[in-house]
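Structural overview
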Amino acid sequence: MQIIAEIGQNHNGDINLAKELISSAKQNGADVVKFQIYNAKKLFSKKNNPWYKNNVRSELSEEQIIDLNEYCKKTQIEFMASVFDIDLIKITEKIDMRRYKIASRSINDKLLLSKIFKLNKPLIISLGYWKKPYLPFQNKKNQIDYLYCVSKYPAKTKDIKLSKKLFKKVSGFSDHTIGIKSAIKAIKCGAKIIEKHFTMNKKFEGPDHILSMTPNELKELSKYKQYNI
């Protein structure tokens, strides 16, 4: 059973904070830290987006990505990322990233997906925007782990439908609720992967801090790994 601590944009453009988050994730039981690699001006709209400045500030350069990957190696935790632009895949291949995360918003991006599938690396795919009754990409040769996900920020507990039957179909749960109760329930239902945003402080400025787990919550969540070894 693996816990993915999604740092995402929660470093707020501060690489020292990013490294603090990596260290804390390792110390408190995470197996993987995940970042978001994007061109902010291409991915995010200014219109009706109160977080646009934060999106731009949190864009990682190639130099920063290489630095963070090296820090993860020293910390002995896996570096993983969602990549939102085909031109940026060259960076994650330069650092030989072991596997890729496909975010819910990218599940219909045929050009991006085609490029990533051709790398023949393991994938973790969130299903927040996938509304069909069958799983996508079953014809692909890549090793794929699917994550149940409700793409609301934050998601309400009442929107989360967890069951043992669900986790016979998918590998895990990408949790956007506040707190860790839903993640704990998912583990008890058989989830083998839990992905959840991670922050040092839920009151920090940024779109995801409120729905992120703190170091103490991660430490508590990691105790439940015993349910799925």
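Now for a description of the structure that goes with this document. (Residues numbered from 1 in each chain as written. Predicted model: local features only at pLDDT ≥ 70, side-chain atom pairs only at ≥ 80, totals over all residues. Heavy atoms only, no water.)

Focus on the pattern of salt bridges
- Going through the model one piece at a time under the given rule, you end up with 16 salt bridges.
- In this structure, Lys225 and Asp31 form a salt bridge, with 3.0 Å as the shortest nitrogen-oxygen distance. Of this pair, Lys225 sits in the segment after α9 (215-222) while Asp31 sits in the loop between α1 (15-27) and β2 (32-37), and the two are 194 residues apart along the sequence.
- With a shortest N-O distance of 3.5 Å, Lys73 and Glu70 are connected by a salt bridge. Of this pair, Lys73 and Glu70 both sit in helix α4 (residues 62-75), 3 residues apart, which is roughly one turn of that helix.
- On the accessibility criterion, Lys73 (52% relative accessible area) is exposed.
- With a relative accessible area of 35%, Glu70 lands in the partly exposed category.
- Overlapping salt bridges, with partners in common, bring together Lys42, Asp85 and Asp87 in one network. (Salt bridge = Lys/Arg side-chain N within 4 Å of Asp/Glu carboxyl O. Helix = DSSP H or I, 4+ residues; strand = E, 2+ residues; numbered from the N terminus. Buried < 20%, exposed > 50% of the residue type's maximum accessible area, 1.4 Å probe, protein only.)

Thoughts on the environment of Lys34
- Within the secondary structure layout, Lys34 lies in strand β2.
- A sequence separation of 24 residues divides Lys34 from Ser58, and the C-alpha atoms of the two residues are 14 Å apart.
- When residues no more than four places from it in sequence are discounted, the contact partners of Lys34 are Ile4, Ala5, Glu6, Ile7, Gly8, Met80, Ala81, Ser82, Lys101 and Glu195. (Contact = heavy atoms within 4.5 Å.)

Re the side chain of Asp208
- By the element assignment, Asp208 lies in the loop between β8 (193-197) and α9.
- For the buried Asp208, no salt bridge is present, and the opposite-charge side chain at shortest range is Lys34, 8.9 Å distant.
- Beyond its immediate sequence surroundings of up to four residues, Asp208 is in contact with Asn10, Tyr153 and His197. (Lys, Arg positive; Asp, Glu negative; His and termini not counted.)

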